[in-house]
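Report on the structure
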Amino acid sequence: PLCLFWSSKFFPSLGWYTVNSAYGDTIIMPCRLDVPQNLMFGKWKYEKPDGSPVFIAFRSSTKKSVQYDDVPEYKDRLSLSENYTLSISNARISDEKRFVCMLVTEDNVFEAPTIVKVFKQPSKPEIVSKALFLETEQLKKLGDCISEDSYPDGNITWYRNGKVLHPLEGAVVIIFKKEMDPVTQLYTMTSTLEYKTTKADIQMPFTCSVTYYGPSGQKTVYSDQAVFDIYYPTEQVTIQVLPPKNAIKEGDNITLKCLGNGNPPPEEFLFYLPGQPEGIRSSNTFTLTDVRRNATGDYKCSLLDKKSMIASTTITVHYLDLSLNPSGEVTRQIGDALPVSCTISASRNATVVWMKDNIRLRSSPSFSSLHYQDAGNYVCETALQEVEGLKKRESLTLIVEGKPQIKMTKKTDPSGLSKTIICHVEGFPKPAIQWTITGSGSVINQTEESPYINGRYYSKIIISPEENVTLTCTAENQLERTVNSLNVSAISIPEHDEADEISDENREKVNDQAKLIVGIVVGLLLAALVAGVVYWLYMKKSKTASKHVNKDLGNMEENKKLEENNHKTEA
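Residues numbered from 1 in each chain as written. Predicted model: local features only at pLDDT ≥ 70, side-chain atom pairs only at ≥ 80, totals over all residues. Heavy atoms only, no water.

- The chain carries the name CD166 antigen in an unreviewed UniProt entry, which gives Cebus imitator as its organism.

**Thoughts on the sheet that holds strand β23 (residues 254-260)**
- Ordered in space as β21-β23-β26, the three strands form an open sheet in which the pairing is antiparallel. Each edge of the open sheet carries a strand with a single partner, namely β21 (237-242) and β26 (285-288). Taken over all neighbouring pairs, the strand axes of this sheet differ in orientation by 20° on average, direction set aside. (Pairing = 2+ DSSP bridges. Helix = DSSP H or I, 4+ residues; strand = E, 2+ residues; numbered from the N terminus. Axes fitted to C-alpha atoms, helices over the stretch in contact; angles between N-to-C directions.)

**Examining the state of the cysteines**
- Overall, the coordinates contain five disulfides when judged by the stated rule.
- The disulfide bridge from C31 ends at C101, spanning 1.9 Å between sulfur atoms. Measuring handedness by torsion sign, the sulfur bridge of C31 and C101 sits at about -85° and is left-handed. Of the two residues, C31 is situated in the loop between β2 (27-29) and β3 (39-47) and C101 in strand β8 (residues 98-105); the sequence distance between them amounts to 70 residues.
- There is a disulfide in this structure between C258 and C301, and the S-S distance comes to 1.9 Å. Taking the torsion about the sulfur-sulfur bond, which here is approximately 70°, the covalent link between C258 and C301 counts as right-handed. Highlighted residues: C258 in strand β23 and C301 in strand β27 (residues 297-303), separated in sequence by 43 residues.
- Note on C301: relative accessible area 0%, which makes it buried.
- Each disulfide of the chain joins two cysteines, and with those cysteines numbered along the sequence the arrangement is 1-2, 3-4, 5-6, 7-8, 9-10. (Disulfide = S-S within 2.5 Å. Buried < 20%, exposed > 50% of the residue type's maximum accessible area, 1.4 Å probe, protein only.)

**Here's the deal with the packing of aromatic side chains**
- Evaluation of the coordinates by the stated rule reveals 12 aromatic pairs.
- The interplanar angle of 50° and the centroid separation of 5.7 Å between the aromatic rings of Y159 and Y222 together place this pair among those described as tilted. With a gap of 63 residues between them, Y159 in strand β13 (residues 155-160) and Y222 in strand β18 (residues 217-222) connect regions that are remote in the sequence.
- By relative accessible area, which is 46% here, Y222 ends up partly exposed.
- A network of ring pairs unites the aromatic residues Y46, Y74 and F99 as a single cluster.
- A cation over a ring is seen here: R293 above Y319, with NZ or CZ 3.8 Å from the ring centre.
- Lying over the aromatic face of Y457, K430 brings its terminal NZ or CZ to 4.7 Å of the ring centre. (Phe/Tyr/Trp six-rings, centres within 6.5 Å; stacked < 30°, edge-to-face > 60°. Lys NZ or Arg CZ within 6 Å of the ring centre and 35° of its normal.)

**So, unusual backbone geometry**
- Put simply, Y151 and P152 share a cis peptide bond, and its omega is -10°.
- With respect to the secondary-structure elements, P152 resides in the loop between β12 (139-150) and β13.
- At the junction of N263 and P264, the peptide bond is cis and its omega measures out at 0° in the coordinates.
- The residue P264 is located in the loop between β23 and β24 (268-272) in this model.

**Examining the environment of Y46**
- Along the chain, Y46 falls in strand β3.
- The buried category is assigned to Y46, whose relative accessible area is 6%.
- Along the primary structure Y46 and T114 are separated by 68 residues, whereas in three dimensions their C-alpha atoms are 9.2 Å apart.
- Ignoring anything within four residues of it in the chain, the contact list for Y46 reads S52, P53, V54, I56, V71, E73, Y74, K97, R98 and F99.
- A polar contact of 3.4 Å, which involves the side chain of Y46, links it to the side chain of E73. (Contact = heavy atoms within 4.5 Å. Polar contact = N/O pair within 3.5 Å; in protein donor to acceptor, adjacent residues only side chain to side chain.)

Written out as structure tokens, the structure is:
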């Protein structure tokens, strides 16, 4: 009777019920039936695709024992509780079936079907087989987006800078495929992207995502970003001068660098030098060493295959020439004329500075008549302020020579007990002074000498002559020996003192005073002349006016006489 009972086609049953489980988790299926009081046993089965049943678990209501059928795929994975809840551990894709809970009494069979759904989250998508580079205006494979071990299969989407990429003829081609592992029944999804890039894609991130269904609904997982090197042709060429300088001067080394804005940048160029129509093939740099002023001009560079794509720059090689005439060591005689010229030739206006003995002069030196104070070390220095390091200088060492010139003076001490005799000497090289005395008298001091300045100095002695004496001063240098004598009266005889030699400083003051006096005199003479002219003009005008008055008076007398004659005629 039991067999006939199982073959019955009219079993009371419940509607469909679905249990969602994650791959690897435990599937828990409650029976969903109220246990009847006359229950004999409960069983679980699943249905094959052809509808035939496969029993997997049995539990008696009386013996409280559980029996599991010999089904290999569920060995050691099943657990049936007292309330007939079936648990399946380590959920697999193959567990995705229609399971049925059966509670059997003596006169009836109750069924509760359950649909099991198993979900497997795919691996994080990854962009593989990435292109080493992309070329503009060329449709090229960018890479493959792969996501593995998914159930059910998912869908892959490509993004550019966060925006979805849709297929576009000739620009975006997406090829999707999926494969199922026959053992695990898990899917691997692969999406290949072919992309026609532009320069706008430089540094743009590309990503992909996989969208799948899990126990709690639809989810999306994103890949890491991928940035691709974009190759594009050169559209512009530029030329640089290295190292950058505000100005280039003669002797410098110049390096020209040519750059193209393509990627990858061009490695070779043609360089064109001033006056040379043919280009010189070189890497992206070309060096000129020790340039001269004739290197000034326009420099150009171009691509090898596109000579029309050219860049140019103008280079000015600055120069500075200085010629000092005369220069070096020059010896002249006092009173000579010496023209001095410092000639400058430069690429732009240059500053000129004259120095004498390290002291800056206000103007360039000019010697119409040389003096001893004109001797010294002269330096003419010039520079281009805008060009660092471009300076020139030449020097002139002027030596003014002269034969010794002597002037002697004497002066009586106010006490009347001694006389001072001074020998003023002028000459270069420095003359040596020697004194000799003819006559009697004591020499109080014979060693005092002044400093030798501007070719001049003096030596003096103080004597108290008892009788008339003659003092002789001898000055000698490499040019000549000069002698001068001075008669000096005895100390008891009064005599006229001679004025001391005027120093250069005092002489200049005297000259300035003389010029001032001459100016005042000339001014007074001009004022007198102007006054005389004014007075003469005034007198001349006065005389002319007097003549006119006399003439008018004469005319009045003549008219009076004419009237008297007319009266006489009428009478």
